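Each chain is listed here by its residues.
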Amino acid sequence: MPKGKEVPDKTIAVVISPLVDNSSSVEKRVLNLIQRPKKTRDWFTPHFYRCLPLTIGNQYGFIVTNEFDFSFTWDGGSDIGAVTFDFYEERETLDRKLFMIESHFGSGIITISPPITLKTPKGVNLMTINPPNYVIPNITVMTGVVETDNLNNPFTFNLKIQMPNLKVFIPAGTPLAGFIPIPRYYADSFSLKLAEEVFDEETMQESLQTLVDTVTHRREVEDSLTNNIGRLYFKGQDVYGNEFLDHQKP
């Protein structure tokens with residue numbers, strides 16, 4: 001790919017801070033800590049993987065993992081000192097880690113500070129999310145939307161602790177946050193309308209009949225199959241056997 005001044009389409013450029021040792025080993029460590037999420041989840045039973053939306057959702061965006069073990073406790077207060085951490089390595093070793101984990105904003109928030117800047121193509125934001133379908137004990141990832149095409153400094157990932165006075169251990173390699181690229185203003189441009197305001201009468205009646213037929217088929221046919229094999233949506237078909245025009249699979 002030719003190099004230029006702009007981030008190419010469908011690319012997120014990772015700029016590593018010059019304040020850390022910018023060696024090939026650091027580059028490898030960064031790309032190990034920020035990566036595409038896997039298709040599988042430890043807590044999923046085989047039944048979950050028959051749900052196409054969940055399986056695709058598992059693989060959405062990127063996840064950020066931690067490089068070392070730590071524990072946290074929040075006493076319920078709003079000041080920075082209300083969150084305390086236990087680390088299990090020597091300070092000299094921790095200082096060589098890439099992602100700083102600290103209480104920076106108060107109010108029971110854990111802040112992850114990577115020494116990197118993420119750059120996106122023009123007009124593309126990054127939205128911070130919970131790592132998809134990963135369950136992090138006592139943590140909710142705060143949603144933020146960042147103009148990463150304009151930003152020239154690192155941004156943080158922030159995790160809100162849910163319950164006070166509960167010590168939680170987080171092992172190394174745990175997905176702590178996620179992010180997805182979205183076109184700027186894209187979600188803002190949508191409005192919510194009743195179907196009657198959108199479809200003509202014929203289309204509306206066809207849609208309602210298809211809904212009824214789909215529910216009936218699921219109750220009378222699919223639910224009687226072992227493990228619900230043959231689920232039409234997973235195969236990309238409607239109840240009449242018509243193929244979806246653009247069907248996404250895992």
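Source: prediction; values computed, not measured.

Reading the values: rules and limits
Residues numbered from 1 in each chain as written. Predicted model: local features only at pLDDT ≥ 70, side-chain atom pairs only at ≥ 80, totals over all residues. Heavy atoms only, no water. Buried < 20%, exposed > 50% of the residue type's maximum accessible area, 1.4 Å probe, protein only. Helix = DSSP H or I, 4+ residues; strand = E, 2+ residues; numbered from the N terminus. Pairing = 2+ DSSP bridges. Patch = residues over 30% accessible without salt bridge, like charges linked within 9 Å, V, L, I, M, F, W, Y side chains within 5 Å. Areas by Shrake-Rupley, 256 points an atom, 1.4 Å probe, with all protein chains shown as cover. Salt bridge = Lys/Arg side-chain N within 4 Å of Asp/Glu carboxyl O. Axes fitted to C-alpha atoms, helices over the stretch in contact; angles between N-to-C directions. pLDDT = per-residue confidence, 0-100. Contact = heavy atoms within 4.5 Å.

1. What about the pairing of strand β9 (residues 124-129)?
When you tally the buried positions in β9, you get five out of six residues, the bulk of the element. Judged from the six bridges that link them, β9 and strand β14 (residues 175-183) form a sheet pairing that is antiparallel. By the bridge assignment, Leu126 is partnered in β14 with Pro181. Direction of pairing for β9 relative to strand β11 (residues 144-146): antiparallel, over a ladder of three bridges. When the bridges of β11 are listed, Thr128 appears paired with Gly144.

2. Looking at a nonpolar patch on the surface
Together, Leu211, Val212 and Val215 line one region of the surface with nonpolar side chains, adding up to about 240 Å² of accessible area. Mapped onto the elements, Val212 comes out in helix α4 (residues 201-220).

3. What about the sheet that holds strand β10 (residues 139-141)?
Read across the sheet, four strands follow the order β6-β7-β12-β10 without closing on themselves; strand pairing throughout is antiparallel. In this open sheet, the two strands that pair with only one neighbour each are β6 (100-102) and β10. Averaged over all adjacent pairs, the angle separating strand axes in this sheet is 25 degrees, with direction ignored. Pairing of β10 with strand β12 (residues 157-161), which is carried by three bridges, proceeds in the antiparallel orientation. Bridge pairing links Val141 to Leu159 in β12.

4. Notes on the confidence of the model for the protein chain
Reading fine detail from the predicted coordinates is not recommended where pLDDT is low. Averaged over all residues, the pLDDT of the protein chain is 91; the fraction at 70 or higher stands at 94%. Per-element confidence in the protein chain is highest for β9, whose mean pLDDT is 98, and lowest for helix α3 (residues 91-94), whose mean pLDDT is 82.

5. Structural notes on the sheet that holds β9
Taken in spatial order, the five strands line up as β2-β3-β14-β9-β11 in an open sheet, and their pairing is antiparallel. Bordering the open sheet on either side are β2 (34-35) and β11, each of which pairs with just one other strand. Pairing of β2 with strand β3 (residues 62-65) involves two bridges; the strand directions are antiparallel. By the bridge assignment, Gln35 is partnered in β3 with Ile63.

6. Some words on the environment of Ile170
Residue placement: Ile170 occurs in strand β13 (residues 168-170). Distance in space between the C-alpha atoms of Ile170 and Phe105 is 20 Å, their sequence separation being 65 residues. Apart from the residues lying within four places of it in its own chain, the contact partners of Ile170 are Asn66, Phe68, Asp69, Phe70, Phe72, Ile136, Pro137 and Leu176.

7. What to know about unusual backbone geometry
The backbone phi angle of Asn133 is positive, close to 60 degrees, even though this residue is not glycine. The topology assignment puts Asn133 in the loop between β9 and β10. Assessed through its relative accessible area of 26%, Asn133 is described here as partly exposed. Phi at Asn138 takes a positive value of approximately 60 degrees, unusual for a residue other than glycine. Within the secondary structure layout, Asn138 lies in the loop between β9 and β10. Taking the relative accessible area as the measure of exposure, Asn138 reaches 8% and is therefore buried.

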